[in-house]
Structures are given as C-alpha cells and as structure tokens.
Amino acid sequence: AHRSIIYAVFYLFQSGRKETVLDLAKFVDKGVQVKLTGGRQVTGTLKGYDQLLNLVLDEAVEFLRDPDDPLKTTDQTRRLGLIVCRGTAVMLVNPTDGTDEIANPFVQPDGA
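Remember, it's a predicted structure, so these values are computed and weren't measured experimentally.

Describing the nonpolar core
Phase 1 of the analysis: V34, L55, L57, C85 and V90 are the most contacted members of the largest nonpolar core, which has 15 residues in total.
Phase 2 of the analysis: Looking at this core, the elements with two or more residues in it are strand 1 (31-36), strand 2 (41-49), strand 3 (55-65), strand 4 (73-85) and strand 5 (90-95).
Phase 3 of the analysis: Contacts of C85, omitting those with residues within four sequence positions, involve L36, V42, L53, N54, L55, L57 and V90.

Now the structure itself:
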C-alpha cells in the first residue's frame, strides 16, 4: 500500500496534474482531527477542501499546547468555530470516528 502511494505521487508529479492523492470526499460532513506543523492540533467537521489540501472545518476546537513542551497537547481546549487550515501546514488528517489512541510501542522504559 505504501509503495502504491509513492507511485501515485510520482505519476501525478510527472503528469503535471495538480490533484491530491488523498480522497477527502468521504470525510466531508464528518469529524476529523488535523495535526498542523508547529504542534497545533484541531478537530472539527470537515466542510470542504481543495487540491492543495486547504481544509474548511466547522465547529473547530483546538487542543492547547503544554507551555513547557510546545509539541505536546493538553486536555485544555478552545473553541474556534469555522476555520480554514492552510494546506501547507497540514501534516495529518484522520477521522475522529472509528479510531482509538494506543500506547506508543516504541517508548523505552526508564533505565533501559
């Protein structure tokens, strides 16, 4: 699956077409979680997107970051309402329904 995505990106680059490999149509009007460069993380209802991965989210909520570690989020949130996430800042888009957070299997125990 990973290799087919790389081939698809290569094909789109070679053909000069400006289409995104991601098909976000199935997530429209559904809840999504978006991670942005710089550590910001928002959730909301995806209302629209374009080929540059600019996203329009409604009822967006931002998870505030830890003042001691800006790359970590806390349980504190703030309501943003209707927002546009610029595609150049989008790192990850995943649905909020049907996903569960699991423990990181690569974390080494202290003293190991």
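Now, onward.
Section: the pattern of salt bridges
Pairing of side chains with opposite charge becomes possible as their charged atoms draw close.
Phase 1 of the analysis: Taken as a whole, this structure holds 3 salt bridges when the rule is applied.
Phase 2 of the analysis: In this structure, the salt-bridge partner of D29 is K47, at a minimum N-O distance of 3.0 Å. Remark: K47 occurs in strand 2 and D29 occurs in the loop between helix 1 (2-15) and strand 1; sequence separation between them is 18 residues.
Phase 3 of the analysis: On the basis of relative accessible area, D29 is assigned to the exposed category, the value being 53%.
Phase 4 of the analysis: Taking relative accessible area as the criterion, K47 reaches 42% and is therefore assigned partly exposed.
Phase 5 of the analysis: Ionic pairing is found between E62 and R40, a salt bridge with its closest N-O pair at 3.2 Å. Here R40 lies in the loop between strand 1 and strand 2 and E62 lies in strand 3, a separation of 22 residues in the sequence.

Cut-offs and rules
- Residues numbered from 1 in each chain as written.
- Predicted model: local features only at pLDDT ≥ 70, side-chain atom pairs only at ≥ 80, totals over all residues.
- Heavy atoms only, no water.
- Core = buried A, V, L, I, M, F, W, Y, C linked by side-chain atoms within 4.5 Å.
- Buried < 20%, exposed > 50% of the residue type's maximum accessible area, 1.4 Å probe, protein only.
- Helix = DSSP H or I, 4+ residues; strand = E, 2+ residues; numbered from the N terminus.
- Contact = heavy atoms within 4.5 Å.
- Salt bridge = Lys/Arg side-chain N within 4 Å of Asp/Glu carboxyl O.

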